[in-house]
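Close look at the chain arrangement
Chain residues, written in single-letter form:
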Amino acid sequence: MICKRLQFLAVLAILSVPAFSQAPLPPQPRTPPLLLGAAWYPEQWPESRWDADLSLMEAAHIHFVRVGEFAWSTLEPSEGNYQLDWLEHAIRLAEKHHIAVVLGTPSAAPPAWLTTKYPETLRTLPDGRKDQHGNRQQFDWSDPKYRELARIIATKMAERFGHDPNVIGWQIDNEYANQSYGEADRIRFQDWLKAKYKTLDNLNARWTTAYWSETYQDWRQIPIEETYGNPGLLLNWKQFVSDEWRSYQKNQLDVIRAHAEPRQRITTNMMGWFDAYDHYTVSQDLDFTSWDDYVGSGHLDPVRNGATHDLTRGFLRKNFWVMETQPGMVNWSADNNMLDKGEVRAMAWNAIGHGSEAVEYWQWRSDLNGQEEYHGTLLGADGTPVPVYYEAQQVGADFDKAGPVLAGTTVDSQVAILQDYSSRWAVNWQRHNKAFDPIDSLLSYYRPLHRMAGSIDIVADTAPLSRYKLVVAPALNLLTPDAVKNLEAYVRGGGHLVLGQRSGMKDEDNGLNPQRQPGPLVDLLGARVEQFYALEKTVPVSGDWGAGENAIWAEQLGSLKPDVQVLMRYGKSNGWLDGQPAAVTRKVGQGTITYIGMELSSETAAQAAKWMLQQAGIAETMPGLPEGVDLAVRTGEGKRVLILTNYAAEPRTITLPKPMENVLEGGTVQSVTLPQYGVAVLK
Ligand code: GAL
């Protein structure tokens, strides 16, 4: 293995130095195209132990460790007393083992001296109590003193390690999550509103505050609300929270950028569908995005998990990292079962298939004490490998084999699904039927489309769309003027747009549009939603996509222009819906706009997806893919790589469209047979 690493360094050397150059090579960090990592906490262990850890990591083909993200009390044991030598030692020792380092800034875990001396930095809980030391994330994300202290420690780290050849990147903080609800936070929110709305008359009008005498005469009267407030107030608080996380992050990012070489790329670890803030807002300053991929109870749903990777890739529309994942099990779920043997490896390949460049296990070794004693690890508390270590080792060996083949590739999709935080928030505040889940709604489109069209991008409604043949917007409840312009231009430019249930109901203040759904897109569609219905029981639907049952939500479409085609109709139900249009479509030049008012149930989903792909001229990627087999495709200049994984309990044989190189097993094959959780990478 070490031999292979030397070969890799030699190739890098040849590639990076012009033939005429006599200059000595700068030290090369070990960053192969696919990285296996572990979250390592050297601050918890005597230095004499580190070499044993790093040797075991090297033997597992681990390429990087993430270090430091909760180590503030070790990095600065008292105010202004910076202790970074231990970190330098850890980085140097890792380097000896050919293991690169991602540094985490420690602001997610403020030390006790800090919160004692500056109690104003503690966050205020929704009930008005102050958080306290002893957990983590007890800080107020908006507090200037906290930001100052976090900025100083990030500066110290960046000054010391910004040119370190073995440091390849930075993670700012850890899993932004908790906002604060104190008096000072409220004042900052009110000031933010003032900067946005300029006058109270404007705010009052746009929020319709005459309703329930909510009218504000002074900015200081405006409260914080998160559950049953004025919809405009609810939305603006979330947008403020998002902007605050962005500036909280920028506070550290700017000092790291000022001191670090650009090759040290900066990220933060996000949490998939978590919606406490708008991830597009927070991502825009980062070099790349990453997320923490945990199954919790049960087993991997490769489609939902794949969609979450696509979501994360969509924040910046480029490859991303899995910054944390479970070595088999977690400790925080209801039932912390172990993933099956083989499933951890399948899960790693699920990430790579959807555009990840790294998979990092949280965590390397069990802490001897602390809140997470039961969590899955690669080493036990005794410091020797637990069984899943050997599976991670296989993942590392896979990555070393497949890395060169996947280098320079990404996911290239013809289909985009739009995802919008304001729309998700808006629906979740007023679900109207508690079973209506915006993520399930999105996945009802994602599942069949992914199966037939392979890769899917999940992007914002303001993302550039012209490169997609098909754009689907499930539950795009809230439409900003920018989104409307973007969607209209897409359709008029020949694109095929499908709007799902609940689309186009709200304006940018989370108020009702004065037109019926889909609001500003009614004219383009040539039809509208006459009424929506939260369903008590299922309603039959039938038409071009066959027959099925529609649950949870139904929208009655009507006022059709003559050139609008009805695709599906409701059967007998509450009288109002009987025989009424459930899905309609209209040609606009070379493009089309379609509205689906019914739920895409499993009966109709496959047919609907087939129809959408036909309309858009997209061929199925691999027709006849056996049930339970997941296909991912990555492409790059002159490269097309297929990743096939079998999640069915029985072995599956997949016939390939042509003979391909079997990257992991060797040889050229025309078909592959995979056991459960078996993976094939084919070029
Ligand atoms: C993550 C967190 C890690 C660890 C892990 C356990 O959310 O970032 O520090 O707590 O969960 O699953």
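This paragraph deals with the site of the ligand. The ligand sits among F70, R136, N174, E175, D292, Y294, E324, W332, W362, E372 and H375. A distance of 2.3 Å is found between an oxygen atom of the ligand and a side-chain nitrogen or oxygen belonging to E372. Within the side chain of H375, one N or O atom sits 2.7 Å away from an oxygen atom of the ligand. Surface burial for the ligand is 94%, taken as the share of its 310 Å² of free accessible area covered by protein chains. Classifying every residue of the shell around the ligand by side-chain character gives four nonpolar, two polar and five charged.

Side-chain direction in a regular strand flips from residue to residue, so the side chains alternate between the two faces of the sheet. Counting buried positions along strand β20 (residues 591–596) gives six out of six residues, so the element sits mostly inside the fold. Taking every second residue as pointing to the same face, both faces of β20 are buried, with G591, I593 and Y595 on one and T592, T594 and I596 on the other. The pairing of strand β13 (residues 496–499) with β20 spans four bridges and is classified as parallel. Following the sheet pairing, H496 is matched in β20 by T592. In the sheet, strand β19 (residues 581–588) pairs with β20 via six bridges, with the strands oriented antiparallel. Bridge pairing in β20 links K587 to T592. The hairpin formed by β19 and β20 contains two residues between the paired strands, and G589 there has a positive phi angle of roughly 60 degrees.

Turning our attention to the sheet that holds strand β22 (residues 639–646). One open sheet holds the three strands; their spatial order is β21-β22-β25, and the pairing between them is antiparallel. The outermost strands of the open sheet, each flanked by one partner alone, are β21 (629–636) and β25 (679–682). Averaged over neighbouring strand pairs, the angle between their axes works out to 15 degrees when direction is ignored. Across eight bridges, β21 lies against β22 in antiparallel orientation. Each bridged residue has a counterpart across the sheet, and for V633 the counterpart in β22 is L642.

The parts lose accessible area when they come together, and the size of an interface is often stated as this lost area. If you check the domain split of the protein chain, you get domain 1 (2–179 + 262–406), domain 2 (415–616) and domain 3 (629–682). If you average the C-alpha positions of domain 1 and of domain 3, the two centres end up 29 Å apart. With 23 residues of domain 1 at the interface, the matching set in domain 3 holds 14 residues. Counting each side, the surface lost to burial between domain 1 and domain 3 is near 1,600 Å², with a carbon and sulfur contribution of 61%. A per-residue breakdown of the area domain 1 buries against domain 3 is headed by W349, V405 and L406, which together make up 31% of the total. At the junction of domain 1 with domain 3, the criterion picks out zero salt bridges. Seen at the junction of domain 1 and domain 3, the total is seven residue pairs in polar contact (both at pLDDT 80 or more). Within the residue set of the side of domain 1 that touches domain 3, elements represented by two or more residues are α12 (343–353) and α13 (387–406).

The N-to-C vectors of helix α6 (residues 144–161) and helix α9 (residues 231–259) enclose an angle of 30 degrees; their axes lie 8 Å apart at closest approach. As summarised for this structure, α6 and α9 are arranged roughly parallel, according to the angle between their axes. In this structure, α6 crosses over α9, and the sense of that crossing is right-handed. Contacts between α6 and α9 pair Y146, R147, A150, R151, A154, T155, A158 and E159 from the former with E244, S247, Y248, N251, Q252, V255, I256 and H259 from the latter.

Overall, the coordinates contain 38 aromatic pairs when judged by the stated rule. Measuring from ring centre to ring centre gives 6.3 Å for W141 and W237, while their planes differ by 75 degrees; the resulting arrangement is edge-to-face. Here W141 is found in the loop between α5 (112–117) and α6, whereas its partner W237 is found in helix α9, with 96 residues between them in sequence. Side by side, W141 and W237 carry an identical accessibility label, which is buried. Their ring planes at 35 degrees and their centres at 5.5 Å tell us that W237 and F240 sit as a pair that is tilted. On the criterion of helical spacing, the pair formed by W237 and F240 is a turn pair, its members being three residues apart in helix α9. Residue classification places W237 among the buried residues on the basis of a relative accessible area of 1%. The side chain of R502 reaches across the aromatic face of F436, ending 4.6 Å from its centre. Over the face of the ring belonging to W553 we find R502, whose NZ or CZ atom lies 3.8 Å from the ring centre.

Every α-helical turn comprises 3.6 residues, leaving residues that sit three or four positions apart pointing alike. For α6, built from 18 residues, the straight-helix expectation of 26 Å at 1.5 Å per residue is met to within 8% by its first-to-last C-alpha distance of 25 Å. Restricting attention to buried positions, one finds in α6 the residues Y146, R147, L149, A150, I153, A154, T155, M157, A158 and F161. Packed against the buried residues of α6 are α3 (72–75), α4 (85–96), β3 (100–104), α5, β4 (167–171) and α9. N-cap assignment for α6: the residue whose side-chain oxygen lies 3.2 Å from the backbone N of K145 is D143.

Attention shifts here to the sheet that holds β20. Here nine strands make up an open sheet; going across it, the order is β11-β10-β12-β13-β20-β19-β18-β15-β16 and the pairing mixed. Strand pairing shows two members of the sheet lacking a second neighbour, β11 (456–459) and β16 (546–550), which therefore form its edges. Going from strand to strand, the sheet's axes swing by 20 degrees on average, the running direction of each strand aside. Relative to β11, strand β10 (residues 415–418) runs parallel, the two being bridged by four bridges. Paired with A416 across the two strands is D457, which belongs to β11. In the packing of helix α16 (residues 481–492) onto the sheet, contacts are made with β10, β12 (470–473), β13, β19 and β20, and the angle to β13 comes to roughly 135 degrees.

Conventions adopted
Residues numbered from 1 in each chain as written. Predicted model: local features only at pLDDT ≥ 70, side-chain atom pairs only at ≥ 80, totals over all residues. Heavy atoms only, no water. Near = heavy atom within 4 Å. Polar contact = N/O pair within 3.5 Å; in protein donor to acceptor, adjacent residues only side chain to side chain. Areas by Shrake-Rupley, 256 points an atom, 1.4 Å probe, with all protein chains shown as cover. Nonpolar A, V, L, I, M, F, W, Y, C, P; charged D, E, K, R; others polar. Buried < 20%, exposed > 50% of the residue type's maximum accessible area, 1.4 Å probe, protein only. Helix = DSSP H or I, 4+ residues; strand = E, 2+ residues; numbered from the N terminus. Pairing = 2+ DSSP bridges. Axes fitted to C-alpha atoms, helices over the stretch in contact; angles between N-to-C directions. Domains from an automatic or database assignment. Contact = heavy atoms within 4.5 Å. Buried area = accessible area lost by both parts, 1.4 Å probe. Salt bridge = Lys/Arg side-chain N within 4 Å of Asp/Glu carboxyl O. Parallel < 35°, antiparallel > 145°, perpendicular 65-115°, else oblique. Left-handed = near helix turned anticlockwise from the far one by under 90°. Phe/Tyr/Trp six-rings, centres within 6.5 Å; stacked < 30°, edge-to-face > 60°. Lys NZ or Arg CZ within 6 Å of the ring centre and 35° of its normal. Expected span 1.5 Å × (residues − 1).

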